[in-house]
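Here is how the chains run, residue by residue.
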Amino acid sequence: MTRFGWSALCAVAVLLAPSAEACTSAPCSPWWTRFPLPKDAVVPANVPALVMVSPGGWPIVDARTLRLRTEDDTGVEATLLPGPLGSGVLVPAAPLVPGTRYHLEGRDPCLGESEEGPPETATFTAGPAAALPTATGTLQAGQEEHGPFQVWGGGSCSVGVEGSQVTLGFTPAPELVPFLPWVHWTLEVDGKPWATAPHGAVDAAGTLGMLDRLRFPHALFSVYSVCETVPDQQPPSDLGLEEGTHVATLRPVLEQSGTPLPPLEVSFKLTCMEKDPVPVPNDSQDKGCSQTGGGLSLLGALAALGLWRRGWKQGVAVGAFMVGGGLALPPSAQACGGPICQAKKFHAPLPTDASVPANVPALVVLSSNGYEADSGNLRLRTEDGADVEATFLPGPHGSGLVVPAAPLVPGTRYHLEASNLCGRYPQEPGTLETSFTADPAVALPAASGTLRAGPEQNATFPVWGGSLCSVDVEGRTVTLGFTPAPELVPFLPWVHWTLEVDGKPWATAQHGAVDAAGNVMPPDRFAYPHDLLTVYTVCKVLPDQQAPSDQGLAPGKHVATLRPVLEQSGTPLPPLEVSFELKCPDEVPEVPEDKGCTQAGGGLTAFGLLATLRLWRRTKRP
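Summarised in this report is the structure supplied together with it. (Residues numbered from 1 in each chain as written. Predicted model: local features only at pLDDT ≥ 70, side-chain atom pairs only at ≥ 80, totals over all residues. Heavy atoms only, no water.)

### A look at the overall build of the protein chain
Okay, so step 1: A count of helical and extended segments in the protein chain gives four helices and 30 strands.
Okay, so step 2: The contacts of the protein chain with a sequence gap of at least 6 include a subset with a gap of at least 24, amounting to 70%.
Okay, so step 3: Carbon and sulfur atoms provide 54% of the accessible area of the protein chain, an area that totals close to 26,500 Å². (Helix = DSSP H or I, 4+ residues; strand = E, 2+ residues; numbered from the N terminus. Contact = heavy atoms within 4.5 Å. Areas by Shrake-Rupley, 256 points an atom, 1.4 Å probe, with all protein chains shown as cover.)

What follows is the structure, given as structure tokens:
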């Protein structure tokens, strides 16, 4: 089962039977047991400790649970310690021998004292010793975003709210990367604990893997403030952070290392915005993800669960199940259309400090949900109201471009304005105004950065598009890690992106979609069904789901090419290439066992939903 499945299904159980009393964590299962190891399974000979990550928080403290041996079955002397977050920590008595093959074995922690079963096993090779890291990396705060998301925990597993969110971007130091599998994490805000993550949760690109939301309700790199509860949702006990300016502190700990890693700090701000009146759709407007012939639309179901937008993975998985399973609607959907034009969703990407290099080739106004920004309605002026000579052009992704006739004047304050944003549509036309200061000119970038391919993973995920907006599938995914060149960072707000696979377009992203840490902002799914830095192949469609027209990539080896374009620059940015492989796993017999998220007082249990979705598996490993 995917790591978001329990929480999503708890929400479904509550929707189907309001008498649910509690949302409980998944029962102990070896599916959650894992040994964090590098992708190439080469471990520095001087690794301070090896780790077995706990399933669902069940502690690994039994001396029989974890052992280390060589490939010829010679036991390796090591001390077993209980670790943080229920993990088991194995500390070798002496450094490993470079070039030697080792087996790390863990007894199934879900078995009782009198039970026996085959051990979980991971194999690796000891590489040369590496200097223990003394640097952590960098931490940045992304732009504040306003909208709906879900707060995890409580009797309903999650509650839909609206508020303000900031995503933090982390780039690990190169010397830390070889030891990341054995690092666990804490994020503090204003000196108080906010989030934790187990060993191996953060990869070499600084990306946080999916975690069990019932154990880790706060994502490590996401902070938020709850501004209001979604209608018909109970108020959450967790209201997040107060409005205002805060300081986040990221504290990594390399297990059993005598060399502490320095914490990283960054400031961010959260503010609640006054809500605009919600436009009432009429026959001349697009109605979003529509479902004809039923009383409850897919988008309505997602909104009711509070899972739309930020919680898109969970929300669409639940919504698609409800439609595909016939629990809410007949399969008579005609089309999935984009939302209506909203002036407040137009924006001009700028650096977080609103300081722009004086020689910026072009400024950009981004459209709302694919609606074009009319270049005839753009204007650039100084703070005293003087117009700045510029050419106004239509740009890619429906954007509007402002190309200054001469470099900006350092130290001068400017206003970028756009008017009549939704003038061709029935909504209020709307205006946009943003201010910035011109900084001294800097050399236009000639380098793009680096691109890496992460490990191939099994996953359950939605394929976007089609009449139902999305279809849930099982497949294989690879996440690409991008680190921008330092000279590119000052110009990132005005760079747009294309990812090609084997020479064919796979994904695009608007200007400003990639931040200084190489993180990609969540896109509008109606306009961008593929994530810029995620590639996949569809191996299996979930039961009662229609087959998607998009099957992803064919299994096999591929080459991804990332092409950044700095708008209106005469200096082209070099493309970046990386190879990766996708391979569908062999079919494994599925045996539903543990019941997981319980729901009392209703006729349909969460276990019944799990069996229907076929998302829970207990696989015995040889």
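### Description of the packing of aromatic side chains
Okay, so step 1: Inspection of every chain in the model, using the stated rule, returns nine aromatic pairs.
Okay, so step 2: Between Phe149 and Tyr224, the aromatic rings sit 5.1 Å apart at their centres with planes inclined by 55°, giving tilted as the arrangement. Of this pair, Phe149 sits in strand E9 (residues 145-152) while Tyr224 sits in strand E13 (residues 222-229), placing them 75 residues apart in sequence.
Okay, so step 3: In this structure Phe149 comes out as buried when scored by relative accessible area, which is 3%.
Okay, so step 4: Accessibility expressed as a relative area gives 5% for Tyr224, which makes it buried.
Okay, so step 5: Their ring planes at 70° and their centres at 5.2 Å tell us that Trp194 and Tyr224 sit as a pair that is edge-to-face. Separated by 30 residues along the polypeptide, Trp194 in strand E12 (residues 192-197) and Tyr224 in strand E13 bring together distant segments of the chain. The exposure classification of Trp194 matches that of Tyr224, with both residues buried.
Okay, so step 6: Site record: aromatic cluster; members linked through ring pairs are Phe149, Trp194 and Tyr224. (Phe/Tyr/Trp six-rings, centres within 6.5 Å; stacked < 30°, edge-to-face > 60°. Buried < 20%, exposed > 50% of the residue type's maximum accessible area, 1.4 Å probe, protein only.)

### As for the pairing of strand E6 (residues 101-106)
Okay, so step 1: In terms of burial, E6 is a largely internal element, five of the six residues being buried.
Okay, so step 2: The sheet contact formed by strand E3 (residues 66-70) and E6 spans five bridges and is antiparallel. When the sheet's bridge partners are listed, Leu66 is paired in E6 with Gly106.
Okay, so step 3: With six bridges joining them, E6 and strand E7 (residues 120-127) adopt antiparallel strand pairing. Looking across to E7, one finds that Leu104 is bridged to Ala122. (Pairing = 2+ DSSP bridges.)

### Here we look at the sheet that holds E7
Okay, so step 1: Pairing is mixed across the open sheet formed by four strands, whose spatial order is E1-E7-E6-E3. Two strands close off the open sheet at either side, each with one partner strand: strand E1 (42-44) and E3. If you compare each strand with its neighbour and ignore which way they point, the axes differ by 35° on average. (Axes fitted to C-alpha atoms, helices over the stretch in contact; angles between N-to-C directions.)

### Topic: the sheet that holds strand E19 (residues 390-394)
Okay, so step 1: Strand order in the open sheet made by the three strands is E17-E20-E19, with antiparallel pairing throughout. Because the sheet does not close on itself, it has two edges, and the strands there are strand E17 (363-365) and E19. Pairwise comparison of adjacent strand axes, ignoring direction, gives a mean angle of 20° for this sheet.
Okay, so step 2: Relative to strand E20 (residues 400-404), E19 runs antiparallel, the two sharing five bridges. When the bridges of E20 are listed, Ala390 appears paired with Pro404.

### What about the state of the cysteines?
Okay, so step 1: For the coordinates displayed, the defined rule picks out two disulfides.
Okay, so step 2: Disulfide pairing is shown between Cys227 and Cys272; the S-S distance is 2.0 Å. Here the disulfide of Cys227 and Cys272 is left-handed, its torsion about the S-S bond being about -95°. Here the residue Cys227 occupies a position in strand E13, and Cys272 occupies one in the loop between strand E15 (264-270) and helix H2 (298-305), the gap between them amounting to 45 residues.
Okay, so step 3: You can call Cys227 partly exposed: its relative accessible area is 30%.
Okay, so step 4: Cys272 gets classed as partly exposed once you look at its relative accessible area, which sits at 28%.
Okay, so step 5: At a sulfur-sulfur separation of 2.1 Å, the disulfide partner of Cys539 is Cys584. Measuring handedness by torsion sign, the sulfur bridge of Cys539 and Cys584 sits at about -90° and is left-handed. (Disulfide = S-S within 2.5 Å.)

### Re unusual backbone geometry
Okay, so step 1: Even without being glycine, Asp190 reaches a positive phi, approximately 55°.
Okay, so step 2: Position of Asp190 among the secondary structure elements: in the loop between strand E11 (183-189) and E12.
Okay, so step 3: Of note in this structure, His397 is not a glycine but carries a positive phi near 60°.
Okay, so step 4: Residue placement: His397 occurs in the loop between E19 and E20.
Okay, so step 5: On the basis of relative accessibility, which here comes to 22%, the residue His397 falls in the partly exposed class.

### Re the environment of Thr207
Okay, so step 1: Here Thr207 shows up in the loop between E12 and E13.
Okay, so step 2: Once the C-alpha coordinates of Thr207 and Leu480 are considered, the two residues, 273 residues apart in sequence, prove to be 9.8 Å apart.
Okay, so step 3: In this view, Thr207 contacts Ala201 and Val202; residues no more than four positions away in its chain are not counted.

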